[in-house]
Amino acid sequence: MTRKALSVYMSATCALMIVAPGRLVCGIILALEIIILMMAGTLVRAMCRQFNIGKIANTVVLASIVFTTIVIKQLLMMFMPINALQMNFIIFIPTISTFTTVFLLDENTYTLKEELKLNIAPALFFALYSIIFSLIRDILGYGTITIPYYKDQLEITIFNIDRVSILTFFATIPGALILSSLILASYLTTEKRFNIIKKAGILK
């Protein structure tokens, strides 16, 4: 995955988690979707390159990603209808970010195994980010931890949110935006310091 594609994917994932419900169960669902869509996009793109179908390759990739998203949505409606209703259109946002990222992937020739390794690694990272971000919002915003369960979700109460109602701010979109900004600022600061140390020759 090129640096440009990685930047687009990072921006899209951060934006997705801001508007997504602040529940761990939603973060888990989105994390799985991110991984599945990236795998599907990479595999179909490799197939298109193998058969050398030219200009219609992007259309085929887009159609396959949309189809995969629809299948995920239908499965979610079957097995977790409450969450399907709760997430609504948000389930389709990773479709756009995945297609955009796959479109910007490196054009160098790799084996399928190498390409999967290059593309799935960032997807796994952002899937983990989605889970951690949702967990933080779930605990702070609702005082709970929610996990997937057949036809419903399990809710584990950590503390009574009524006693610290100010924390419910993190369950809102503005609260998620601030939390995302803090995490991004910490990441950029750490990356900058790491680059300085690397340039100084301490790390190679």
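Note: the structure precedes this text.
Report follows, based on the coordinates. Along every chain, residues carry numbers that run from 1 in the direction the sequence is written. Restriction of local features to residues with pLDDT of at least 70 applies here, the model being predicted, together with a cutoff of 80 or more for giving and counting side-chain atom pairs; totals for whole chains, interfaces and linings are based on all residues. Each side-chain value is worked out from all heavy atoms of the structure, with water and hydrogens disregarded.

### What about the pairing of strand 1 (residues 144–149)?
Only strands that DSSP links by at least two bridges are regarded as paired with each other. Strands here mean DSSP runs of E at least two residues long; helices mean DSSP runs of H or I at least four residues long; both are numbered from the N terminus. As paired strands, strand 1 and strand 2 (residues 152–157) are joined by six bridges and run antiparallel to one another. Opposite tyrosine 149, over in strand 2, you have aspartate 152 as the bridge partner. Hairpin connection of strand 1 to strand 2: two residues between the antiparallel strands, including lysine 151 at a positive phi of 70°.

### Here's the deal with the packing of helix 2 (residues 24–51) against helix 6 (residues 112–142)
Lines are fitted to the C-alpha atoms to define the axes, a helix being fitted only along its stretch in contact, and any angle between axes, read from their N-to-C directions, falls within 0 to 180 degrees. In the contact formed by helix 2 and helix 6, the axes pass within 8 Å of each other and the chain directions differ by 165°. If you check the angle between helix 2 and helix 6, you find them roughly antiparallel. Between helix 2 and helix 6 lies a crossing of right-handed hand. Nonpolar residues are Ala, Val, Leu, Ile, Met, Phe, Trp, Tyr, Cys and Pro. Charged residues are Asp, Glu, Lys and Arg, and all others, Gly as well, are polar. When its residues are assigned to classes, the contact of helix 2 with helix 6 shows 18 nonpolar, five polar and four charged. Each angle is binned into one of four classes, with values under 35 degrees roughly parallel, values over 145 roughly antiparallel, values of 65 to 115 roughly perpendicular, and all other values oblique. Crossing handedness is defined as follows: a turn of the near helix away from the far one that is anticlockwise and smaller than a right angle gives a left-handed crossing, while the clockwise case is right-handed.

### Points about the packing of helix 2 against helix 3 (residues 57–79)
Here helix 2 crosses helix 3 at 150°, and the two axes come no closer than 9 Å. As far as their axial angle goes, helix 3 and helix 2 are roughly antiparallel. As helix 2 packs across helix 3, the resulting crossing turns out to be right-handed. Here Ile29, Glu33, Ile36, Leu37, Ala40, Gly41, Val44, Arg45 and Cys48 of helix 2 lie close against helix 3, whose contacting residues are Ala57, Val60, Val61, Ser64, Ile65, Thr68, Thr69, Ile72 and Leu76. Pairs of residues are marked as contacts when any of their non-hydrogen atoms sit within 4.5 Å.

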